Amino acid sequence: MKRREFLTLCCGITFYEYINNKFTGLSDNKTSKLAVDDQKSFADNELPFYKFDTQRIHTDYITTLPGVEYFIIGNGEIISSVQFCSDRNSGASFFGLTIWDAERFVRKWSTFLYHPERGFENTKLTVLFNGQYYQLNRENFEEISWDFQSGIPIVKLKWGDEKFNVIEKFFTPRNGKILFRAIEIRNKLQEPAEVSLRLQLYPNFGLFDEIFTSESEKAVYARGWATMKLQTLHKSARVSGRYDLWVDLNRIDKMAEVVYVYSLDGDDKILKKKSFSQFVDETSKFWGEKNKFKSDNEVLNHLFNVSANGLKSTVSKTGKRDSGIWQYNMEWVRDDSMFVLGLLMCGFFEEAKIMLAKLLGRFVGPEGQTVESSRWFGYELTELDQNGQLLYALWSYVCWTGDFELVKKFWDKVKLVAEFPLKDVFWDKNSKLLKNKREFWERTDAFGVEDGYELAYQFWVSLGLAKASELAEKAGEVRLAQKWLSASNEIKNSMLNHPVFRLIEDGHFIKRRNLNGQWQRYFIPPDRRRMPPNSPIAVEDKPSSESDTSEVLPIIYGFVDADSQISLKTLEWVEKLFNQRWSYGGYERYDSSSEPQPPGPWPFASLFVARACMETKNYDKVWRVLNWLYSINGGKSGGWFEYYSVEQLTPPLPPVGIIGWTWAEMIALFIYHILGFRPEMENLTIKPNLISDVDSIHSTIRVRNTFVDLDIERGEKTVAFVDGEEVNLKNGQLIVPYFSKRVKIKFVVK
């Protein structure tokens, strides 16, 4: 059956009619008497499977459930998500738990504890209390939240009634394909109570077929595309049936604790070598050595903590990570480069190094082209910003860690990455700008993008080449250092000052010019039938390319002065993207009229604007973005979606998932902008920018081979102290050589 015929079948004619007409060769005027009699004998709705669309999988497969939160935890070997969906009408599980292998990308419905008919319902804890069965529900639910008090990211769930209280804690240890689920139950009665606890291992039937209980091990197994095991550290365990693991606590007076363990592929063997308390201590020590940010504002503290956790939880031990969790199942150099910056600013140096080694080793082609969406699309459609971003990420790694060996190891690849944008196919010798047919957000000539010059490509390549020049100089490659710096300056100068091609109009940055120097204000698809049906770019007369949040990137990184008129006017220019076609907050990535997706705000694009506003000290706009991200669904858990819209176009578009780039942008807002902590090749620069409504910040930052304890307080004048001694500042910033030991720096800012 051809695809077009199948679509016609789904859109109108019955299966019975199709079979008669297609396979019996009978046209309408030659239908047999038997066929006519058959058609008269049965009404259409009596035919077998006429109502075929009543077969569905459980609603939990949907990512963007109303009001949903996803608490994601992981350690590079296993990833787990706790789902919390408070909406009664969604049909989704109120609570759900699922896990997957960190080395394998998944959709939500292909995670290990999603069941096609039951969703996540069978991941609930059952409490048998004095002969009665209880499970979590909306009536006995108390709270779900993050608990960072021990340093370990722990998801804490509280529920119960007048008889008992339950606290469930979920976390992964530092190493191992293991998830701990610690249960604490408190008896609120005056007399002892008979208590038993049950968990089920009810796996995804699409992935596991051998499911059984082991009486000898007191465990439940699921085997298929992987091996999954549920067991407990408690001695009073028993199994029953195919799925059930019980712990009989018998009579408890006040409180009892039980630790359940989910494991993958035999990693539970390490449970025989370490006690539970040893796992806790090791994991607490690991997190205790990472960067800390604590202010007198709980919104900031929460946003920092959930973002740091997200960065660590979703990158594998080999540096592999899905750029859109449950969405893309693909990798991008640009996303990973931004992710690396977030890791560095959190103190995850080893993870950043592994990711950079992956990018340089496997994601750079023989000419210096870089991988996006796990492939390369050719010269005209290449994402040139990726080359600049990768160079900037590598330079940042050297600045933060002092490790130049990674650069030496991949120096041949670094040269390719730097040289690639300077090829004649990209670098126009007349305009001194880089050209292609693909824009920053990946629309191409099919979307009406003309061959031309994209602001984001000029900015990132210019910045990346400038930083690569510093790396070349340190590597002793003086000629290359001069060449790259010269190219960087030429691109920047043309972007800002060229009489015909500068990417500025009316005093603000613009997105794109064509090869003739004309400002491309609209993206008119040559064939709208190729656009996602009903999307704005498919139906609106003049889809606008302006404005675009990528236009604020030069402000974020000091490419232009934050106090300049071009910075201020650019921020005014992009302001129309806030609440453009909705009322629930956030910035669209670009004008909604040219969206191939449903209009709606993008968290990481909104953070672009917040970071730029932080540089211009427009704190009200920064707080507007932060409060929006704190309050929208995803804010409680940190599981922010790529974008938020009232509808989806899935299919043909993939389901909307969770984007790791958002965590990196959030961390950069805190470390790079608010703390003003900016390592460079030879010196450390600190220039705090204390946001409004915050009077004090206490932080610990890992840099090079030591730590800096940085405290910032609001005062009457700006002054700084290093280990108690006042030091001179230059334009409000501290510039010092790197320290060989741990130091305490205190800033008082006006």
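Residue numbering note: each chain is counted from 1, following its sequence as written. Only residues with pLDDT of at least 70 are given local features in this predicted model, and only at 80 or more are side-chain atom pairs given and counted; all residues enter the totals for whole chains, interfaces and linings. The side-chain values count all of the structure's non-hydrogen atoms but skip hydrogen atoms and water molecules.

Let us now look at the pattern of salt bridges. Every case where a carboxyl oxygen of Asp or Glu lies within 4 Å of a side-chain nitrogen of Lys or Arg is listed as a salt bridge. The full count for this structure, using the stated rule, is 53 salt bridges. In this structure, glutamate 665 engages arginine 611 in a salt bridge whose closest nitrogen and oxygen atoms are separated by 2.8 Å. You can see glutamate 665 sitting in helix α18 (residues 661–674) and its partner arginine 611 sitting in helix α16 (residues 603–615), a full 54 residues away along the chain. Only protein chains enter the area calculation, which uses a 1.4 Å probe; residues under 20% of their type maximum are buried, those over 50% are exposed, and those in between are partly exposed. The exposure class of glutamate 665 is buried, given its relative accessible area of 2%. Salt bridges sharing partners connect three or more residues here, namely Glu439, Arg443, Glu454, Lys511, Arg512 and Asp548. The secondary structure listing takes helices from DSSP runs of H or I that are at least 4 residues long and strands from runs of E that are at least 2 residues long, numbered from the N terminus.

Turning next to the confidence of the model for the protein chain. Each residue carries a pLDDT score, the predictor's confidence in it, ranging from 0 to 100. Chain-level pLDDT for the protein chain is 94 on average; 94% of the residues reach the 70-or-more range. The contact criterion used throughout is that any non-hydrogen atoms of two residues lie within 4.5 Å. Overall, residues 1–36 carries pLDDT values under 50, and its contacts beyond four positions in sequence, including any with other chains, amount to 27 contacts.

Our next topic: the layout of surface pockets. Put simply, the second largest pocket is a space of about 970 Å³. Any residue with an atom within 4 Å of a point lines the site, the site being either a cavity, points on a 1 Å grid over the protein atoms alone where a 1.4 Å probe fits but cannot get out, or a pocket, an open set with protein on both sides within 12 Å along at least 5 of 7 lines. Forming the boundary of the second largest pocket are 39 residues, of which Tyr328, Arg438, Trp441, Glu442 and Gln597 lie nearest the centre. Only Asp, Glu, Lys and Arg are considered charged, only Ala, Val, Leu, Ile, Met, Phe, Trp, Tyr, Cys and Pro nonpolar, and every remaining residue, Gly among them, polar. Its residues assigned to classes, the lining of the second largest pocket comprises 23 nonpolar, 5 polar and 11 charged. Grid points are joined across faces, edges and corners, and a volume is the space filled by probe spheres set on the points.

Our next topic: the nonpolar core. Membership of the largest hydrophobic core comes to 222 residues, with the highest contact counts inside it found for Val127, Ile185, Leu197, Leu626, Phe677 and Ile691. Apart from residues lying up to four places away in sequence, phenylalanine 677 is in contact with Trp400, Ile671, Tyr672, Leu684, Thr685, Ile686, Ile701, Val703, Val708 and Leu710. By nonpolar core is meant a set of buried Ala, Val, Leu, Ile, Met, Phe, Trp, Tyr and Cys residues that side-chain atoms within 4.5 Å join together. Among the nonpolar cores identified, the runner-up in size contains 10 residues, and Ile178, Phe180, Ala182 and Leu271 belong to it.

The subject of this paragraph is the sheet that holds strand β17 (residues 292–295). Paired strands, as defined in this entry, are two strands with at least two bridges between them according to DSSP. The 6 strands lie next to each other as β17-β27-β28-β32-β29-β30, forming an open sheet whose pairing is mixed. Lying at the two open borders of the sheet, with one neighbouring strand each, are β17 and β30 (725–727). Averaged over neighbouring strand pairs, the angle between their axes works out to 20° when direction is ignored. Here an axis means a line fitted to C-alpha atoms, over the contact stretch when the element is a helix, while the angle between two N-to-C directions is reported on a 0 to 180 degree scale.

On to empty space enclosed by the protein. Counted by the stated rule, this structure contains 5 cavities of 30 Å³ or more. Contributing to the lining of the largest cavity are Ile79, Trp100, Ala102, Arg104, Phe105, Val106, Thr314, Lys320, Arg321, Asp322, Ile325 and Trp326. Class assignment for the residues of the lining of the largest cavity results in 7 nonpolar, 1 polar and 4 charged. Estimated volume of the second largest cavity: approximately 70 Å³. For the lining of the second largest cavity, the secondary-structure elements that each account for two or more residues are β1 (69–74), α4 (276–288) and α5 (298–313).

Right, let's talk about the packing of helix α8 (residues 385–401) against helix α11 (residues 455–474) for a bit. Packing of α8 against α11 brings their axes to within 7 Å, and their N-to-C directions diverge by 35°. Between α8 and α11 lies a crossing whose hand is left-handed. Touching Asp385, Gly388, Gln389, Leu391, Tyr392, Leu394, Trp395 and Val398 of α8 are Ala456, Tyr457, Trp460, Val461, Leu463, Gly464, Leu465, Lys467, Ala468, Glu470 and Leu471, all from α11. What makes a crossing left-handed is the near helix being turned counterclockwise from the far one by less than a right angle; a clockwise turn instead makes it right-handed.

Geometry of an aromatic ring pair is reported as the spacing of the ring centres plus the angle between the planes. Side-chain rings of Phe, Tyr and Trp, where Trp is taken by its six-membered ring, are said to pair if the distance between their centres is within 6.5 Å; with planes under 30 degrees apart they count as stacked, over 60 as edge-to-face, and otherwise as tilted. Counted according to the given criterion, the structure contains 59 aromatic pairs. Seen in terms of ring centroids, tyrosine 134 and phenylalanine 164 are 5.1 Å apart; in terms of plane orientation they differ by 75°. Their pairing is edge-to-face. Of this pair, tyrosine 134 sits in strand β5 (residues 132–135) while phenylalanine 164 sits in strand β8 (residues 164–171), placing them 30 residues apart in sequence. Classification of tyrosine 134 as buried rests on a relative accessible area of 14%. Residue classification places phenylalanine 164 among the buried positions, given a relative accessible area of 1%. Residues tyrosine 392 and tryptophan 395 carry aromatic rings whose centres are separated by 5.6 Å and whose planes lie at 35° to one another, so their mutual orientation is tilted. Of this pair, tyrosine 392 and tryptophan 395 both sit in helix α8, 3 residues apart, roughly one helical turn. The burial state of tyrosine 392 is the same as that of tryptophan 395; both residues are buried. Only lysine NZ and arginine CZ atoms are considered, and such an atom sits over a ring when it is within 6 Å of the ring centre and within 35 degrees of the ring normal. Geometry around tyrosine 522 places lysine 542 over its ring, the cationic atom sitting 4.3 Å from the centre.

Read from one edge of the open sheet, 3 strands run β1-β2-β3, paired in antiparallel fashion. Whereas interior strands pair on both sides, the edge strands pair on one side only; in this sheet they are β1 and β3 (95–101). When the angles between neighbouring strand axes are averaged without regard to direction, this sheet yields 20°. Relative to β3, strand β2 (residues 78–84) runs antiparallel, the two sharing 7 bridges. Residue pairing across strands places glutamine 83 opposite glycine 96, the latter belonging to β3. Packed onto the sheet, α5 meets β1 and β2 and runs at close to 55° relative to β1.

The length a helix should cover is 1.5 Å for every residue beyond the first. In this model, α4 (13 residues) spans 18 Å end to end at C-alpha, consistent with the 18 Å of a helix rising 1.5 Å per residue. Those residues of α4 that fall on the buried side of the exposure criterion are Phe279, Thr283, Phe286 and Trp287. Taken around the axis of α4, the buried residues stretch over an arc of 90°, which confines them to a single face. Exposed side of α4, more than 90 degrees from the buried face: Asp281 and Lys285 are the residues found there. Buried residues along α4 sit against β9 (178–187), β17, α5 and α7 (349–362). The arc under discussion is defined with respect to the helix axis, by the directions toward the C-beta atoms.

In this section: the side chain of glutamine 597. Among the structural elements, glutamine 597 can be located in the loop between α15 (565–574) and α16. In contact with glutamine 597, not counting residues within four places along its chain, are Ser535, Pro536, Arg589, Trp602, Glu642, Tyr643, Leu649 and Leu653.

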